[in-house]
Amino acid sequence: MLAGTYKGTTGVRQENAKKWLTQRLPQITAPAHPTALDIGCADGTHSRVLSALGYAVTGVDFSAPMIAAARELSDDPTVPNKPRWLHGEFLAGRYADDRGTEAPLDGERFDLVLATAFVHLFPPEADDDAVRKVLRHVTPGGTALISTTADAADRQGLEIKAGADGRTAHRWRNHYTVESFMWLVREAARDVYGVKVPVRPWVVVDPDADGKLWIDVVVDRPA
């Protein structure tokens, strides 16, 4: 449902994604060739931005239509350094490439790990596991950027997600206050890394949705 909706806004979203990423992570424009993992990559907007900046990118998503859209949008012979697209389930760690070959990621580490509008899709307790697994994929000295919407009170449950084409689908959704989401990330980082680590939050108003707040959290893994 959403893959078709995303296609109509690809250009604008990619431009906005580059601005957002460089504001949160100024170091991503450094003249290096690091690695990045884009978890819940959807149609690959962030992955393509990072790829253009010189990253070797792996994008993963559980939605087959989204991964198909990501592959289609990056199918340009003039574009070097194309992302690697994998379809699969994050917590289970089971992925397949475009040939259907198994491509496990457990144990792989990346200089930058993105989890944008992702961990809030897991039921309670599973979101703890999701954040910990996101952070385990960060190489020592690397960085994670985790984002979700911020609400006045914690709540969760099944919600209806509507696409631009009028179709709807039910999905699980957690809503966090800024404080509860920061606690979730901080505790996961301490569990995974064994020490208290720097956690930098931004709370911003969504320019496209009246009154909607986002919280972006940057986590630096100790070297």
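The rules behind these values
Residues numbered from 1 in each chain as written. Predicted model: local features only at pLDDT ≥ 70, side-chain atom pairs only at ≥ 80, totals over all residues. Heavy atoms only, no water. Helix = DSSP H or I, 4+ residues; strand = E, 2+ residues; numbered from the N terminus. Rg over C-alpha atoms; globule rule 2.2 N^0.38 Å. Buried < 20%, exposed > 50% of the residue type's maximum accessible area, 1.4 Å probe, protein only. Contact = heavy atoms within 4.5 Å. Areas by Shrake-Rupley, 256 points an atom, 1.4 Å probe, with all protein chains shown as cover. Axes fitted to C-alpha atoms, helices over the stretch in contact; angles between N-to-C directions. Parallel < 35°, antiparallel > 145°, perpendicular 65-115°, else oblique. Left-handed = near helix turned anticlockwise from the far one by under 90°. Nonpolar A, V, L, I, M, F, W, Y, C, P; charged D, E, K, R; others polar. Pairing = 2+ DSSP bridges.

Asker: I'm lost on the overall build of the protein chain in this one. Help?
Answerer: For the protein chain, the helix and strand inventory stands at six helices and 10 strands. A compact globule built from 223 residues should have a C-alpha radius of gyration of about 17 Å, and the protein chain, at 17 Å, falls within 12% of that. Expressed along its principal axes, the backbone C-alpha trace of the protein chain runs to roughly 45 × 45 × 35 Å. Here the protein chain holds 223 residues, and 46% of them are scored as buried. In the protein chain, the proportion of contacts linking residues at least 24 apart, taken out of those at least 6 apart, comes to 64%. By element, 54% of the accessible surface of the protein chain is carried by carbon and sulfur atoms, the whole surface being about 11,200 Å².

Asker: Looking at this model, I keep getting lost on helix H5 (residues 126-136). Mind explaining?
Answerer: Turn by turn, an α-helix covers 3.6 residues, leaving residues three or four places apart pointing in a common direction. Counting buried positions along H5 gives eight out of 11 residues, so the element sits mostly inside the fold. Among the residues making up H5, those that are buried are Ala126, Asp127, Ala130, Val131, Arg132, Lys133, Val134 and Leu135.

Asker: How should the packing of H5 against helix H6 (residues 178-193) be read in this particular structure?
Answerer: Each pair of packed helices gets described by two things: the angle between the helix axes and the distance between those axes. The contact between H5 and H6 brings their axes to 9 Å, and the two run at 55°. With respect to each other, H5 and H6 are oriented oblique. Read as a crossing pair, H5 and H6 show a hand that is right-handed. Judged by residue contacts, Asp127, Asp128, Val131, Arg132, Leu135 and Arg136 of H5 engage Leu184, Val185, Ala188, Ala189, Asp191, Val192 and Tyr193 from H6. Looking at the contact of H5 with H6, its residues break down into eight nonpolar, no polar and five charged.

Asker: So what exactly am I meant to see when it comes to the sheet that holds strand S5 (residues 110-116) here?
Answerer: Through backbone hydrogen bonds, the strands of a sheet pair up, either in parallel or in antiparallel fashion. The mixed open sheet is built from eight strands, whose spatial order is S4-S3-S2-S1-S5-S6-S10-S9. This sheet does not close on itself; its edge strands, each paired only once, are strand S4 (94-96) and strand S9 (199-205). With direction set aside, neighbouring strand axes in the sheet form an average angle of 20°. Bridge analysis of strand S3 (residues 84-89) against S4 gives three bridges, and the strand direction is antiparallel. Following the sheet pairing, His87 is matched in S4 by Ala96.

Everything listed here is a matter of coordinates, which is why it stays silent on function.
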